[in-house]
Amino acid sequence: MGLSLWLVTTGLLAAIVWAAPAAAQNSTTIEGPILFLDTDGKPIAPPYDAQILDNLLAAETLEYDTRKPRGVPPDVKIDPFEDEIIRYRYTVQLRRAGLWLRLDFNYDGFEAREEIDLFQHRGTMPDRELAIQRRYPDRVSRVRAVMQGLAAPDLLENDIDRTLRLIEGLINDPLSEGSDVETEAVERYQDYMRAVELMERVMRQGKPLSPEVALRVSELPRRIGFSILPVQEQFDTLGGFAFWFARSPTPGQQIESTLTHRGLARQFFEEAYELAYAVNDSAPVDATALIRTLQEYYMFMCPTAAEIDGGAAAWDSACFYALYDAGSFPRDFSARTYRAILQDFHTHLERASRPETGWATECGYRRKIAAERGDMAEYWELYADLADAIADRHRRLAIELSSDRDFAGMSYIAQTRDRARDIVALGRGGEMITPECAPASAGAVLPVGDEL
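Computed from a predicted structure; not experimentally measured.

(A) Region of the structure containing the overall build of the chain. Looking only at helices and strands, the chain features 17 helices and eleven strands. Split into buried and exposed, the 452 residues of the chain put 46% on the buried side. Counting contacts in the chain only where the partners sit at least 6 residues apart, residues at least 24 apart contribute 70% of the total. Element-wise, carbon and sulfur atoms account for 53% of the exposed surface of the chain, whose accessible area totals about 22700 Å².

This is the structure we're talking about:
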C-alpha cells in the first residue's frame, strides 16, 4: 500500500511538472464581427476602413480582482471587409488564471468598452460580437457633455471617468484631409486644457483618483493629437498637469508599483523642462510661462521647513538641481527673477547645511560647514557656479554679488555666494579666499542679524 501510494503520488507530481509548461502556453482567442450602430442603436455600414480600426481598437488584460492593467498585451488584429463586415481577432496567453480582457474603442463619437471574463483558458471564442455605437451626434454635443461634467459641484468617481473618456474621444478625433490644420490644433488644445481643468477640479475638491484614471491622464501627451499642437501649447499642457498633480491631497497614492501622484507630477515637470530646452533655439517657450513652471518645479521638489521639522520629508539632491536648472536655463529672465531664485536657493541651502555644533564667527561657520557637512559641499558649489553665471548675465546683479563691499552690507544672496566660495575652497583642501575670511582676517565677527 505504502509503495503503491508513493508511485501514484510521484506519477501525479511528474504529470503536474510536465503539464505546467504546456499550461503556461495556453491561449484564448476571441474573434468575431464588429457591428456599428447609430445613436438610436440601429446597425449602419462601417464608417471607417480596416486600417483605421486596426490602429484604434485597443485591448488590455486586467487583474481579475482589482481590474488593474497587467502587462503589455499584443495588438488586436483586424480583418478586412468581408461582405461589408469587419472582423477582429485577439489572442491572449493565459500564463496564469484570473484575467479580464477589455476591448476599447473611442473615436469620432463612436464608443465601445467591453470586458470579457477570462478567469480560465477558454480556447477559441468564435463569433464574439463587438458593437461600436455612436453616443453623440456631433462634436458640439460631446463638448457640451464634457462641460457639464466639469461643472459638477461634487465629482464622483464615475463622473471623473466618464468626463475623461469624453475628452479622450475628442483628442482622438480624426484629422480631416484638406482641413484647416490651425483650426484643428485649436480644438485639440481646448481638449487638452479641458483635461487639465478636470484634474484641477479633482484636486481642488480633494476627490480620490483611481490608479487607472491617473494612468490614462499620464498617457494623454502620447496621443497623436498632442503632436499637432504648437510647442507653447504642448508646454502649457504638460505644465498644467504638473501643477495640479503637484497639489494632489494624496501625493503618495500609488498609480503603479513605482509611480505615485508625486512621481507623476515630477514626470510632467521634467517633460515640460525637456521640451522647452529642446526647442529653445528654434521655438522658444514664452518666458513668463517658462519661469513660472521652473519655479513651480523647484518649489515642488524642495521640502518646506515644516515638513523637515515634522519628519515628513528630508533634503533631496533633486531640490538643489531643480533650483540650479531654473537659474541656469539658457534664457534671459529679469534681474528680479534671478534674485528670487538665488534667494530661494540661499534659504534651502542654509537650512539643509546647518552644522550640529555652534560657531562664534562668520568664518568659523564656514569652517564648520566644510568640516561637519561635507555632504552639502556639492550644492554650495552649485550655488557659487549659478551666482557667477547670473552675475555674468546681469550687470545690476553683478554689482550686487560683488565682493568689493563690506560683508555686513551685502544682500543675503551675495553673502551666500561668499560663503559658498570659501566652503568649496576648504572642501578642496585649500584656504578660504574671500576678503572677510582670507587668512589675514579669519577672525571676522558674525554680522548682527545674519540668519545663520
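(B) Molecular detail of the state of the cysteines. Scanning all chains against the criterion turns up two disulfides. The residue that forms a disulfide with C302 is C319, at a sulfur-sulfur distance of 1.9 Å. Looking along the S-S bond of the C302-C319 disulfide, the torsion reads about 95 degrees, which is the right-handed sense. Of this pair, C302 sits in the loop between α10 (287-301) and α11 (305-309) while C319 is found in helix α12 (residues 317-328), placing the two residues 17 residues apart along the sequence. Just as C302 is buried, C319 falls in that class too. Two residues share a disulfide in this structure: C363 and C437, whose sulfurs sit 2.0 Å from each other.

(C) Representation of the pairing of strand β7 (residues 110-118) in the model. In terms of strand pairing, strand β6 (residues 99-107) meets β7 through nine bridges, oriented antiparallel. From the neighbouring strand, L101 faces β7, where its bridge partner is I116. Taking the residues that link successive antiparallel strands as the turn, the β6-β7 hairpin has two residues, and the phi of D108 there is positive, at about 55 degrees. Sheet analysis places β7 next to strand β9 (residues 130-134), joined by two bridges and oriented antiparallel. Bridge assignment links E111 to a residue of β9, and that residue is Q133.

(D) Representation of the nonpolar core in the model. Of all hydrophobic cores here, the largest spans 90 residues; its most connected members are M199, L209 and F245. In terms of residue count, helix α15 (residues 377-393) provides more of this core than any other element does, nine residues in total. Ranked by size, the runner-up nonpolar core spans 26 residues in total, among them A59, V76, Y90 and L118.

(E) Representation of the pattern of salt bridges. Under the defined criterion, the tally for this structure stands at 36 salt bridges. A salt bridge links D104 to R113; its shortest N-O distance comes to 3.6 Å. Taking relative accessible area as the criterion, D104 reaches 18% and is therefore assigned buried. For R113, a relative accessible area of 34% puts it in the partly exposed group.

(F) How the structure looks around the pairing of β6. Extensive coverage of β6 is indicated by the burial of nine of its nine residues. Where burial is concerned, the two faces of β6 agree: the one with L99, L101, L103, F105 and Y107 and the one with W100, R102, D104 and N106 are both buried.

(G) Focus on the environment of R165. Secondary-structure assignment places R165 in helix α4 (residues 157-172). Each C-alpha atom, one on R165 and one on A195, is 9.9 Å from the other, the two residues being 30 residues apart in sequence.

(H) Molecular detail of the packing of α12 against helix α13 (residues 335-353). Two elements in contact, α12 and α13, have axes whose closest approach is 10 Å; the angle formed by their N-to-C orientations is 165 degrees. It follows from the interaxial angle that α12 and α13 lie roughly antiparallel. Of the two elements, α12 crosses α13, and the hand of that crossing is left-handed. Each of C319, F320, L323, Y324, A326 and G327 in α12 lies in contact with α13, whose residues at this interface are Y338, I341, D344, F345, H348, L349 and A352. Residue composition of the contact of α12 with α13, by class: ten nonpolar, two polar and one charged.

(I) Up close: the confidence of the model for the chain. Mean pLDDT over the chain works out to 86, with 87% of the residues at or above the 70 mark. Element-level pLDDT for the chain is lowest in helix α1 (residues 2-24), with a mean of 37, against a maximum mean of 98 in helix α8 (residues 231-245). In this model residues 1-24 is a low-confidence stretch, pLDDT under 50, and it forms four contacts with partners more than four residues away in sequence or in other chains. Below a pLDDT of 50 lies the segment residues 442-452, which in the model reaches 32 contacts outside its immediate sequence neighbourhood of four places, other chains included.

(J) Spotlight on the side chain of H261. Tracing the sequence through the fold places H261 in helix α9 (residues 261-278). A distance of 2.7 Å separates a polar atom in the side chain of H261 from a polar atom in the side chain of S248. Once you skip the residues sitting within four places of it in the chain, H261 turns out to touch M203, L209, A214, F245, S248, T250, P251, Q253 and I255.

(K) Seen up close, helix α6 (residues 211-219). Of the residues making up α6, those classed as buried are V213, A214, L215, R216, V217 and S218. At its buried positions, α6 is contacted by β7, α4, α5 (181-205), α8, β10 (254-256) and α9.

(L) How the structure looks around helix α3 (residues 139-150). Here α3 is twelve residues long and its end C-alpha atoms lie 17 Å apart, about the 16 Å a rise of 1.5 Å per residue gives. Three or more residues of α3 are buried, namely R139, S141, R142, V143, A145, V146, G149 and L150. Summarising the contacts, the buried residues of α3 are in contact with α4 and α5. The opening residue of α3 is D138, an N-cap whose side-chain oxygen sits 3.4 Å from the backbone nitrogen of V140.

So, how was this worked out
Residues numbered from 1 in each chain as written. Predicted model: local features only at pLDDT ≥ 70, side-chain atom pairs only at ≥ 80, totals over all residues. Heavy atoms only, no water. Helix = DSSP H or I, 4+ residues; strand = E, 2+ residues; numbered from the N terminus. Buried < 20%, exposed > 50% of the residue type's maximum accessible area, 1.4 Å probe, protein only. Contact = heavy atoms within 4.5 Å. Areas by Shrake-Rupley, 256 points an atom, 1.4 Å probe, with all protein chains shown as cover. Disulfide = S-S within 2.5 Å. Pairing = 2+ DSSP bridges. Core = buried A, V, L, I, M, F, W, Y, C linked by side-chain atoms within 4.5 Å. Salt bridge = Lys/Arg side-chain N within 4 Å of Asp/Glu carboxyl O. Axes fitted to C-alpha atoms, helices over the stretch in contact; angles between N-to-C directions. Parallel < 35°, antiparallel > 145°, perpendicular 65-115°, else oblique. Left-handed = near helix turned anticlockwise from the far one by under 90°. Nonpolar A, V, L, I, M, F, W, Y, C, P; charged D, E, K, R; others polar. pLDDT = per-residue confidence, 0-100. Polar contact = N/O pair within 3.5 Å; in protein donor to acceptor, adjacent residues only side chain to side chain. Expected span 1.5 Å × (residues − 1).

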